[in-house]
Amino acid sequence: MRAVPAALPVSFTLYARGYCHLCDDMLAALQALETPALPFAITVLDVDADPALVARFDELVPVLYGSLDQPELCHYFLDHAAVLAYLEGPARNPAGRPEIR
C-alpha cells in the first residue's frame, strides 16, 4: 500500500497591525476556511515594523495576498469568493486536490 502524500500548505501573507480588530477578524475568517485536506501557511507581517510597509499599506490594512507576485486578494474584509477562486485556480489546484466549498 502506497502512502498518500500530505497536502502542502497553501501560503498566504496578511499585512496587518497589532491593534487592528479588522486584521484579527480577517485572520480568523481565513483560518476558518482551512481544512485538514487543505492546510494553510499564513504569514502575518506587522506593517508598523517597516516604514516601507507603512508607506505602501498604511490605511488599507488588513491586506491579504496569496502569491506575492499576484494582485492582492482583498483588504479590510475577507473576500471569500476571491480566496476560493485563488484556492481553486490552476496554479493552486493541481489534479487531485480537493475543492472546498
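Scroll up to find the structure this text is about.
Because the structure is predicted, anything quoted here is derived from the model rather than measured. (Residues numbered from 1 in each chain as written. Predicted model: local features only at pLDDT ≥ 70, side-chain atom pairs only at ≥ 80, totals over all residues. Heavy atoms only, no water.)

**With respect to the overall build of the chain**
Reasoning step 1: Along the chain, the regular secondary structure elements total 3 helices and 4 strands.
Reasoning step 2: Its helices and strands taken in sequence order, the chain reads β-α-β-α-β-β-α from the N to the C terminus.
Reasoning step 3: Counting across all 101 residues of the chain, residues that qualify as buried make up 35%.
Reasoning step 4: Taking the contacts inside the chain whose residues are at least 6 apart along the sequence as the reference set, 63% of them involve residues at least 24 apart. (Helix = DSSP H or I, 4+ residues; strand = E, 2+ residues; numbered from the N terminus. Buried < 20%, exposed > 50% of the residue type's maximum accessible area, 1.4 Å probe, protein only. Contact = heavy atoms within 4.5 Å.)

**Description of the pairing of strand β1 (residues 10–16)**
Reasoning step 1: β1 sits mainly inside the fold: 6 of its 7 residues count as buried.
Reasoning step 2: Note: β1 against strand β2 (residues 40–46), 7 bridges, orientation parallel. Each residue of the ladder has a partner; that of Tyr15, found in β2, is Leu45.
Reasoning step 3: Read from β1 through helix α1 (residues 21–33) to β2, the crossover connection turns out right-handed. (Pairing = 2+ DSSP bridges. Right-handed = clockwise from strand over helix to strand, strands pointing away.)

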